[in-house]
Amino acid sequence: MPLKWLLHWQPNAGTTVNSQILTEVSQCVESISGVKEGRWKATLTFYKPMLRDQNVAADYPRDFLGISLQEQPNKYYCIIRGQRIVVEADSTIQIIMEKLQSYKSRVSLNFEGFQYQLGDFQLRVGKVVPTHSENLRGIVMEVEYLPISSLDKSRQIMEEFVDIWQETVSNRSLPGHFMHIDPNFAEYGLSDHYTSQHTAVQYASVMAQLIATVRN
Amino acid sequence: MQQQPRAQGTTTPQTEPAETSGTPADAPPKQVAMAMESLGRAGRLIADIRIGADRLLEALFITVQPHQSNKPLHLIPKEEALMRQYLQDLRAIGRQLEDSGVLTGSLRSRSNSWGLHMPLVCPDGAVVAYAWKRQLAGQAGASAVDRARLALKAFTDQKRRFFPHLEDEPFGQTSAGESLVSKKHCSSQASIASRNEELTGDIKLSDVLMHLEKEEPNVRVFTYQRLDWLKRASSLSSSAKENSLESSKDHNFNSSYKLRKGSLGAVALDQVAVVELVVPSLFRAIVSLHPPGSIDPDAVAFFSPDEGGSYIHSRGFSVYHLYRHISEHAVKALQYFLGIKTDATLYFLLRWICSYQTLFTKVCSKCERLLTMDRASALLLPPVHRPYWRSFGSKSSSTPSPLSTKDQGLDFMTAFHIGCSSDEV
C-alpha cells in the first residue's frame, strides 16, 4: 500500500489557525502543479468507557480512539496510545459498542478537505473540525507517495518533499509551519511495509499534538 | 474410412474393368487424379462387400428360422458370386494403387512430381490427397488431432528436407518442465554460436546470471518461460494485496518464493524468455530474451514492486510516472548496449539495471538533490537517469573474461535528474 506522511499545522506561539491559512495552503498546492481531484474525509472519535462502578475507572484507558478512513470504508481502527495498541476491526464494531453500551463516544472530529494529484504524489489538505460544528481546530495534510510501500526506503524522498513544501509555504509568510511527527511504528508492532494501521497511528499522534497545542 | 451412402450399394454396380492408373509418362496431376479415382472405386467396392456380407448373414439367419421358403437358398449363392467379384476387383485395384505408390508412399520424393505427391492413405484409413491437406468433402469425421498430426509431419518432413543443418531435438522433447540436460544445452548454444561469428567464447545465460548474483547480492533474479511469466504477473496483484493486510506475511512470501526458485532448479535455461530482477521495496525490472534461452535481450521495463497484473511485462508501462521514465531511459540503454555488439550485452544491461538500487537514496550528481521538479513533465522525480554511455573504460575487446567488471571499469556510480542529465550528454 502506498505510504503517507501526515503533517499538521503548527501555529506560531500566540496565534491560532484560521480558514485563511487553509485557503493559502490550498493555493500553495496548486502552485506546484497539484491537480484538484476530489474531497476526502476521515473521522476520529474519543471514546469513554461506560462503567457502572466508577471506582474501576482507573483501569480503563482514557485515550481510547476510534478512526475511520476513507480508503478503508469497511474498517475501523481502534487505538490506545498509552499502551501502543492499534487494532484493525470491521466497521460494524461501532454498532457493537453502541449496542453493548460498553463505550460511548465522547467527542468526534472530522478531518476533511480536498485531494490533489501531483505526479506520483497525492496530497490531501484538510481542516480539523468537530462534527456538527464549523469551529476550525487545526489543519492537517497527508502526503502520499504512490510507487512504493517501504517507509525506510522512502524516508529521504519524503523528507525532501517536505522541505520543498515548507519552502513553498514559507513564501506566503503565514504565521506557522507544517510539522511532521515520526511515530515509532515498531512500538505498535507495525513493520516497515506501510498499511492503514500506520495511518491510524499517525492520526492519533497528530491528535495528541493538536490537543497539546490548544492547551498551551 | 470413407463412408459411402448405403443407397449406392443396393443396385448392383457395374464392375468396371480394372484400369491402369496411367503410364508413368502421364503428367503428375493426371496420375494423382487417377489414383484418387481408384481409391474412390475401392471405397465403393468395400461398401458393396459389406452390404453383401450383411445379406449373406441375413439369408443364413432366415434359413434357421422355423417357417421359411426356399428363397434364401437362392440368395446365398448369388451373394456369394457377387462377393467374390467384389473382392477380386478390390484386389486388382489394390495392386494398381500399390504400383502407383499410393499405399506405400515410395514415390513421394520423386523429383518430377510437380510438387504433387501421390495420395497417401494414412494409418487411420483416411486418404490424404496432398501431403498435408485433406480434402474437406467427406472428411468431416477427421479429428483435429489427426489434422494437426498430419500437418506437423508434413512440416517436419519439409524442414528436414530444406534445413538439414537445423536437425535439433525431436518434437516430443521440447515440452515444458524438462529438467536441464547439459548436453542438450551445449548443443543448442553451439548452434547459436555458429550462426553468429561475433560470439567469441561461449557465454551462456547461466554464466551471466551466476556472475550477476555474485556481484549484486541484494538483487533477486528469477527466470521464466514466457507463459509462466504471464501467470506470475497476473498473480502479483493478489499477492500485493495480501502484503498490505498482513505485513508479517511479507517474509513468508519472499522465503517461499525463494524456495520455489530453488525447487524448479534451472528452469530449462534454453527456454528462458523472461528475466525478472527484483530489489525488494524498490523496483521490479523485466527483461525479455529473444530467442528464448539466448543472451540477447530485446526489451526491458521497470515497475513498482507493488504493482501487479498482466500488463507487467518487458513492453508494458507502469502506472507510476517514476517507473515509466526509468523504462524510457532503459530502452535507450538497451539500444546502446545492443549497439556495442559484445557477447556481454545482457550482462551489462542487468548490471546497469542493478544500479537503480540507489533510486531513492542517491542524489543527483549535478544538483546534489534527490527530488526536483522536472520542468518538462511538471513532476517531482528523483534522479531517474543512470548513465550507460560511460560504462566502458578503455577496453573494448581482447579481455580474457568479458564478464569481469573490474577490467571494464563499469561506472554506475552517478545519477542524474532528467533535466540535469541532458547537459551531461
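Now for a description of the structure that goes with this document. Bear in mind that the values here come from a model prediction, so they are computed numbers and not experimental data. Here, residues in each chain are numbered from 1, in the same order as that chain's written sequence. Here chains are named by letter from A upward and ligands by number from 1 upward, in the order in which they appear as written. Side-chain atom pairs in this predicted model are given and counted only at pLDDT of 80 or more, local residue features only at pLDDT of at least 70, and totals for whole chains, interfaces and linings cover all residues. Values shown for side chains rest on all heavy atoms present in the structure; no hydrogens or waters enter the calculation.

1. Re a positive patch on the surface
Point 1. Grouping into patches uses exposed residues only, defined as over 30% relative accessible area, and leaves out salt-bridged ones; the cut-off is 9 Å for like charges and 5 Å for nonpolar side chains (Val, Leu, Ile, Met, Phe, Trp, Tyr). A 1.4 Å probe and the Shrake-Rupley method give the accessible areas. Residues count as covered only by the protein chains that appear here. Should a side-chain nitrogen of Lys or Arg be within 4 Å of a carboxyl oxygen of Asp or Glu, the pair is scored as a salt bridge. Asp and Glu count as negative and Lys and Arg as positive, but His and the ends of the chain are not part of the count. Taken as the charge location is NZ of Lys, CZ of Arg, CG of Asp or CD of Glu. A cluster of basic side chains, namely Lys48, Arg62, Lys104, Arg106 and Arg215 of chain A, defines a positive patch on the protein surface.
Point 2. On the accessibility criterion, Lys104 of chain A (45% relative accessible area) is partly exposed. The classification of residues rests on relative accessible area computed with a 1.4 Å probe and restricted to protein chains. Under 20% of the type maximum is buried, over 50% is exposed, and intermediate values are partly exposed.

2. Quick look at the pattern of salt bridges
Point 1. The tally for this structure, following the rule as stated, stands at 16 salt bridges over all chains.
Point 2. As a salt-bridge pair, Lys127 of chain A and Glu134 of chain A come within 3.8 Å of each other at their nearest N and O atoms.
Point 3. Relative accessible area serves as the criterion here: at 23%, Lys127 of chain A is assigned to the partly exposed category.
Point 4. By relative accessible area, which is 63% here, Glu134 of chain A ends up exposed.
Point 5. Between Glu80 of chain B and Arg84 of chain B there is a salt bridge whose closest N-O contact spans 2.3 Å. Remark: Arg84 of chain B and Glu80 of chain B occur in helix α3 (residues 71–99); sequence separation between them is four residues, near one turn of the helix.
Point 6. Salt bridges linked by common partners bring Lys4, Glu71, Arg124, Glu142 and Glu144 of chain A together as one network. Each helix is a run of DSSP H or I of at least 4 residues and each strand a run of E of at least 2, with the numbering of both proceeding from the N terminus.

3. Concerning the packing of helix α6 (residues 205–215) of chain B against helix α10 (residues 345–354) of chain B
What describes two packed helices is the angle between their axes and the distance between those same axes.
Residue and element names in this part refer to chain B.
Point 1. Lines fitted to C-alpha atoms define the axes, with helix axes restricted to the stretch in contact, and inter-axis angles between N-to-C directions lie between 0 and 180 degrees. Between α6 and α10, whose axes approach to 10 Å, the crossing angle comes to 25 degrees. Taken together, α6 and α10 sit at an angle that is classed as roughly parallel. Considering only the axes of α6 and α10, their crossing is right-handed. Each of Leu205, Val208, Leu209, His211, Leu212 and Glu215 in α6 lies in contact with α10, whose residues at this interface are Leu346, Tyr347, Leu350, Arg351 and Cys354.
Point 2. Classifying every residue of the contact of α6 with α10 gives eight nonpolar, one polar and two charged. Geometric relationships in this document are graded by angle, where less than 35 degrees denotes roughly parallel, more than 145 denotes roughly antiparallel, 65 to 115 denotes roughly perpendicular, and other angles denote oblique. Rotating anticlockwise by less than a right angle from the far helix to the near helix defines a left-handed crossing, while the corresponding clockwise rotation defines a right-handed one. Residues count as neighbours in contact if any of their non-hydrogen atoms are within 4.5 Å of one another. Polarity classes work like this: nonpolar for Ala, Val, Leu, Ile, Met, Phe, Trp, Tyr, Cys and Pro, charged for Asp, Glu, Lys and Arg, and polar for all others, with Gly in that last group.

4. Thoughts on the sheet that holds strand β5 (residues 85–90) of chain A
Residues and elements named next belong to chain A.
Point 1. Here a strand pair is declared whenever DSSP counts at least two bridges between the two strands. Ordered by their spatial adjacency, nine strands build an open sheet running β5-β4-β3-β2-β6-β7-β8-β1-β9, and the pairing between neighbours is antiparallel. Each of the sheet's edge strands pairs with one partner strand only, and the pair in question is β5 and β9 (176–180). Across the sheet, the axes of successive neighbouring strands diverge by a mean angle of 25 degrees, strand direction being ignored.
Point 2. Helix α3 (residues 151–170) rests against β1 (3–11), β6 (103–118), β7 (121–130), β8 (138–145) and β9 of the sheet, and its axis sits at about 35 degrees to β1.

5. Focus on a nonpolar patch on the surface
Point 1. Taken together, the side chains of Phe61, Ile62 and Val64 of chain B make up a nonpolar region of the molecular surface, amounting to roughly 300 Å² of accessible area.
Point 2. Within the secondary structure layout, Val64 of chain B lies in the loop between α2 (28–63) and α3.

6. Let's talk about the nonpolar core
Point 1. Only buried residues count toward a nonpolar core. Its members are Ala, Val, Leu, Ile, Met, Phe, Trp, Tyr and Cys residues joined through side-chain atoms within 4.5 Å. Residues Phe121 and Trp165 of chain A together with Tyr323 and Ile353 of chain B are the most contacted members of the largest nonpolar core, which totals 107 residues.
Point 2. Apart from residues no more than four positions distant in its own chain, Tyr323 of chain B is found in contact with Pro147 and Ile148 of chain A together with Leu282, Phe283, Phe302, Phe303, Ser304, Pro305, Ser318, Leu359 and Phe360 of chain B.
Point 3. Phe222, Trp229, Ala273 and Val274 of chain B belong to the second-largest nonpolar core, a separate cluster that totals twelve residues.

7. Brief notes about the environment of Phe337 of chain B
Point 1. Along the chain, the position of Phe337 of chain B falls in helix α9 (residues 321–340).
Point 2. Remark: the alpha-carbon pair of Phe337 of chain B and Tyr347 of chain B, spanning ten residues in sequence, is separated by 9.6 Å.

8. Some remarks on the interface of chain B and chain A
How big an interface is tends to be reported as the loss of accessible area on association of its parts.
Point 1. With 26 residues of chain B at the contact, the number on the chain A side is 23 residues.
Point 2. Both sides of the chain B and chain A interface together cover about 2200 Å² of buried area, and 60% of this is carbon and sulfur.
Point 3. By buried area we mean how much accessible surface two parts lose on assembly, using a 1.4 Å probe and totalling the loss over both. Of all residues in chain B, Phe360, Leu371 and Leu380 of chain B give up the largest surface area on contact with chain A, accounting jointly for 26% of the area buried on that side.
Point 4. Pairing of N or O atoms within 3.5 Å defines a polar contact, subject to two protein rules: one partner must be a possible hydrogen donor and the other a possible acceptor, and residues neighboring in sequence count only if both atoms are side-chain atoms. Our count for the contact surface shared by chain B and chain A stands at seven residue pairs in polar contact (both at pLDDT 80 or more).
Point 5. Here the side of chain B that touches chain A is built from residues that sort into 17 nonpolar, seven polar and two charged.

9. Here we look at the pairing of β5 of chain A
Point 1. As paired strands, strand β4 (residues 75–80) of chain A and β5 of chain A are joined by six bridges and run antiparallel to one another. When the sheet's bridge partners are listed, Ile80 of chain A is paired in β5 of chain A with Ile85 of chain A.

10. Quick look at the sheet that holds strand β6 (residues 297–303) of chain B
Residues and elements named next belong to chain B.
Point 1. Taken together, the four strands give an open sheet; going across it, the order is β3-β4-β5-β6, and neighbouring strands pair in antiparallel fashion. Strands with a single pairing partner mark the edges of an open sheet, and in this sheet they are β3 (220–224) and β6. For this sheet the average axis-to-axis angle between neighbouring strands, irrespective of direction, equals 20 degrees.
Point 2. Summarising the sheet, strand β5 (residues 283–289) and β6 pair through six bridges and their orientation is antiparallel. Within β6, the residue paired with Arg284 across the bridge is Phe303.
Point 3. Packed on one face of the sheet, α6 meets β3, β4 (274–279) and β5 and runs near 160 degrees to β3.
Point 4. Packed on one face of the sheet, α10 meets β4, β5 and β6 and runs near 170 degrees to β5.

11. Here's the deal with the packing of α9 of chain B against α10 of chain B
Residue and element names in this part refer to chain B.
Point 1. Relative to each other, α9 and α10 sit at 150 degrees, their axes nearing to 9 Å. One way to sum up the angle between α9 and α10 is to call them roughly antiparallel. Considering the relative orientation of α9 and α10, their crossing is right-handed. Counted together, His329, Ala330, Ala333, Leu334, Phe337 and Leu338 of α9 and Thr345, Phe348, Leu349 and Trp352 of α10 form the full contact between these two elements.

12. Some remarks on the packing of aromatic side chains
Residue and element names in this part refer to chain B.
Point 1. Only Phe, Tyr and Trp rings are paired, with Trp represented by its six-membered ring, and only when their centres lie within 6.5 Å; those with planes under 30 degrees apart are stacked, over 60 edge-to-face, the remainder tilted. Applying the stated criterion to the full structure yields 19 aromatic pairs over all chains.
Point 2. Between Phe283 and Phe302, the aromatic rings sit 5.2 Å apart at their centres with planes inclined by 50 degrees, giving tilted as the arrangement. A residue pair is termed long-range when its members are at least 10 positions apart, and Phe283 in strand β5 and Phe302 in strand β6 qualify at 19 residues. Like Phe302, Phe283 is buried.
Point 3. Summarising the aromatic geometry, the rings of Phe337 and Phe348 are spaced 6.2 Å apart at their centres and angled 25 degrees between planes, so their arrangement reads as stacked. Residue Phe337 is found in helix α9, and its partner Phe348 is found in helix α10; the two are separated by eleven residues along the sequence. As far as the burial class goes, Phe337 and Phe348 line up, both buried.
Point 4. Three or more aromatic residues joined by ring pairs make a cluster, and in this case those are Phe283, Phe302, Tyr336, Phe337, Tyr347, Phe348, Trp352, Tyr356 and Tyr388.
Point 5. Think of it as a cone above the ring: NZ of Lys or CZ of Arg counts as a charge over the ring if it is within 6 Å of the ring centre and within 35 degrees of the ring normal. Geometry around Tyr356 places Arg386 over its ring, the cationic atom sitting 4.9 Å from the centre.

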